Amino acid sequence: MIGCSGTAIILAATCSFFRKPAKFFPDHELSISELAALDMCDKRAVFRPMTTEERDDLKRKCGGSWKLVLKYLLAGEAYCRRQKSHALAGPGHSVAVTSTGAVYSFGCNSSGQLGHGTAEDGSTPDEPKPRLIRSLQGIRIIQATVGTGRTMLVSDAGKVYAFGNNVFGETEHGGGQGSKILHTPQIVESLKDMFVVQVTIGHLFTAVLSREGRVYTFSWGTDARLGHHNDLTDMQPYPLLGALEDLLVVQIAAGHCYLLALAFHPSGMSVYSLGCGLGGKLGHGTKTDEKYPRLMEHFNTLNLKPVVIAAGAWHAAVVGQDGRVCTWGWGRNGCLGHGNEECESTPKVVEGLSEVKAVHVAAGDYTTFVISDSGDVYSFGSGESWNLGHNIGNDEQANRHANISTPKLVASLKDINERVVQISLSNSLSWNAHTLALTASGKLYAFGSGDRGQLGIKLSDNQQERGKPEHVNIDLSK
């Protein structure tokens with residue numbers, strides 16, 4: 001639904017509504033299209049459990065229309081693939097969620113981040129192939145996120161489960177005061193009274209998004225204290241203060257000590273940022289820090305309406321409603337796609353994609369991937385560990401670390417003859433990079449570094465990387 005007009009959403013809702021008998025009494029105050037929109041809202045996992053009072057409050061915040069509520073819910077689902085299959089490439093490990101909410105994990109398990117418990121000898125061995133997390137049986141997971149030594153999951157009931165290094169303000173290498181290891185998924189008690197729809201893990205903090213569009217964070221650390229009035233490094237979530245207090249947020253994205261938030265308005269979306277401003281990654285035209293969320297105004301100058309946000313370690317990207325892609329931040333290794341390694345402190349349109357209508361963007365550690373509306377995939381930035389998908393020629397070793405500073409079609413993904421719908425990149429400064437690509441049919445492909453089994457495929461002896469996308473033996477459509 002990315003980029004759909006309000007009219008198209010209303011038409012789809014109305015057609016769906018009239019295919020079957022109504023399940024509620026007539027409401028003479030609502031138009032047919034409003035009734036149809038309400039019916040479509042009721043199909044969403046995050047909306048269905050809401051009380052009448054909660055629904056009416058959400059309707060008021062969205063502008064007084066069920067059509068706008070539906071638009072808000074669909075916007076949140078679009079990037080996170082809520083209620084749909086998706087895969088996450090983490091620092092040394094990977095997680096895959098099926099369309100029915102089952103979760104598989106594979107790769108490094110040094111901190112129990114795969115969630116399979118311990119072996120008979122008490123160890124937590126790596127998993128070179130996807131393995132179902134059986135302790136989640138009966139729980140439908142709708143969103144997942146990964147960090148260094150840690151995994152977090154969100155269920156359709158709004159509960160958050162965490163396993164691995166259970167520290168919400170950990171450093172890139174994990175550990176810290178109060179650190180403990182969880183080997184199986186456990187409910188995050190401090191969030192049990194909140195209905196959560198998205199979680200994202202950044203360097204030094206974790207952020208969560210509630211069903212009501214509020215953003216909460218766990219500890220930015222004693223030196224930052226961003227977005228809160230308290231001065232403590234705390235395991236409790238606190239709502240972000242400032243400009244986002246009265247807005248509905250549909251998506252959050254975390255990078256290295258900074259956070260992006262995509263806010264909903266009846267007329268369109270806007271992007272806010274806060275945190276560390278090094279490299280210009282907050283997009284305000286400076287390299288200074290922002291303690292509270294600040295509106296990124298440059299999109300108005302570009303006449304671009306954001307619909308998807310992505311936060312890499314040191315750079316960020318946005319897809320506009322018209323399919324244009326903007327990048328900004330640290331340009332190392334050409335990750336911004338502008339043909340150089342210069343920093344950009346405000347969003348800049350990637351001219352190399354001018355003939356492409358983008359629908360999805362992913363950002364990693366100095367790496368960027370873009371998916372077009374036709375399913376073609378483009379990548380640029382750091383070519384470390386073959387994670388861009390281009391270095392598959394005869395002279396593979398010579399091309400192994402080749403960087404690409406302008407968008408290039410990933411021909412190896414086009415050759416699989418499958419429509420790619422999601423890309424995930426590892427986003428860590430301390431691990432070799434790998435990439436996961438999910439197709440419309442539920443097939444998963446992996447390439448890049450596989451030294452700890454994070455590709456989910458068998459590598460030959462002494463091989464630690466794979467340049468060509470390989471099919472992972474798992475069906476995410478089930």
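For the structure itself, look to the data block above.
(A) View of the nonpolar core. Membership of the largest hydrophobic core comes to 70 residues, with the highest contact counts inside it found for Phe47 and Leu259. Sorting elements by how many residues they give to this core places helix α4 (residues 66-80) first, with eight residues. Core analysis: the second largest hydrophobic core is formed by 30 residues, Phe369, Val410, Leu413 and Tyr445 among them.

(B) Region of the structure containing the pairing of strand β21 (residues 358-363). Counted residue by residue, β21 has five buried out of six residues, so it is predominantly covered. In terms of strand pairing, β21 meets strand β22 (residues 367-372) through five bridges, oriented antiparallel. When the bridges of β22 are listed, Ala362 appears paired with Phe369. Hairpin geometry of β21 and β22 is characterised by an intervening segment of three residues between the two adjacent antiparallel strands and by a positive phi of about 60° at Tyr366.

(C) Main features of unusual backbone geometry. With a phi close to 65°, Cys257 is a non-glycine residue in the positive phi region. The residue Cys257 is located in the loop between β13 (248-254) and β14 (258-265) in this model. Backbone geometry at Asn333 places phi at a positive 60°, although glycine is not the residue there. Locating Asn333 in the fold gives a position in the loop between β19 (325-329) and β20 (344-349). Looking at Asn333, the relative accessible area reads 15%, which means it is buried.

(D) How the structure looks around the environment of Ile404. Looking at the secondary structure, you find Ile404 in strand β24 (residues 404-409). For the pair Ile404 and Asn333, spaced 71 residues apart in sequence, the C-alpha separation works out to 7.1 Å. Those residues in contact with Ile404 that lie beyond four places of it in its chain are Asn333, Gly334, Ser379, Phe380, Gly381, Leu388 and His390.

(E) Layout of the sheet that holds strand β27 (residues 443-449). Across the sheet, four strands lie side by side as β25-β26-β27-β28; this open sheet has antiparallel pairing. Strand pairing shows two members of the sheet lacking a second neighbour, β25 (420-425) and β28 (465-475), which therefore form its edges. The sheet shows a mean angle of 20° between the axes of neighbouring strands, taken without regard to direction. With six bridges joining them, β27 and β28 adopt antiparallel strand pairing. When the bridges of β28 are listed, Leu444 appears paired with Val472.

(F) A look at the pattern of salt bridges. This model, assessed by the stated rule, comprises 17 salt bridges. The salt bridge partner of Asp126 is Arg452, with a shortest N-O separation of 2.6 Å. Taken together, the residues span a long stretch of sequence, with Asp126 in the loop between β3 (103-107) and β4 (127-132) and Arg452 in the loop between β27 and β28 at a distance of 326 residues. A residue is classified by how much of its surface remains accessible, and Arg452, at 28% relative accessible area, is partly exposed. In this structure, a network of salt bridges that share partners links the residues Glu54, Arg211 and Glu212.

(G) Region of the structure containing the packing of aromatic side chains. By the definition in use, this model includes five aromatic pairs. Judged by centre distance (6.0 Å) and plane angle (85°), the rings of Phe47 and Trp66 are edge-to-face. Of the two residues, Phe47 sits in the loop between α2 (32-41) and α3 (52-62) while Trp66 sits in helix α4, which places them 19 residues apart along the sequence. Residue classification places Phe47 among the buried positions, given a relative accessible area of 0%. Here the aromatic rings of Trp314 and Trp330 are separated by 5.6 Å at their centres, their planes lie at 75°, and the arrangement is edge-to-face. One end of the pair, Trp314, is in the loop between β17 (306-311) and β18 (315-320); the other, Trp330, is in the loop between β19 and β20, with 16 residues separating them in the sequence. We classify Trp314 as buried; its relative accessible area is 11%. The ring of Phe195 carries the charged tip of Arg211 above its face, separated from the ring centre by 4.2 Å.

(H) Highlighting α3. Restricting attention to buried positions, one finds in α3 the residues Arg55, Leu58, Lys59 and Cys62. Within α3, the buried residues cover an arc of 100° as seen down the axis, which keeps them to one side. Set apart from the buried face of α3 by more than 90 degrees, the exposed residues are Glu53 and Arg60. Gly63 occupies a position one or two residues after α3 and carries a positive phi of about 115°.

Each value, and the rule that gives it
- Residues numbered from 1 in each chain as written.
- Predicted model: local features only at pLDDT ≥ 70, side-chain atom pairs only at ≥ 80, totals over all residues.
- Heavy atoms only, no water.
- Core = buried A, V, L, I, M, F, W, Y, C linked by side-chain atoms within 4.5 Å.
- Buried < 20%, exposed > 50% of the residue type's maximum accessible area, 1.4 Å probe, protein only.
- Helix = DSSP H or I, 4+ residues; strand = E, 2+ residues; numbered from the N terminus.
- Pairing = 2+ DSSP bridges.
- Contact = heavy atoms within 4.5 Å.
- Axes fitted to C-alpha atoms, helices over the stretch in contact; angles between N-to-C directions.
- Salt bridge = Lys/Arg side-chain N within 4 Å of Asp/Glu carboxyl O.
- Phe/Tyr/Trp six-rings, centres within 6.5 Å; stacked < 30°, edge-to-face > 60°.
- Lys NZ or Arg CZ within 6 Å of the ring centre and 35° of its normal.
- Arc of directions from axis to C-beta.

By themselves these figures say nothing about function.
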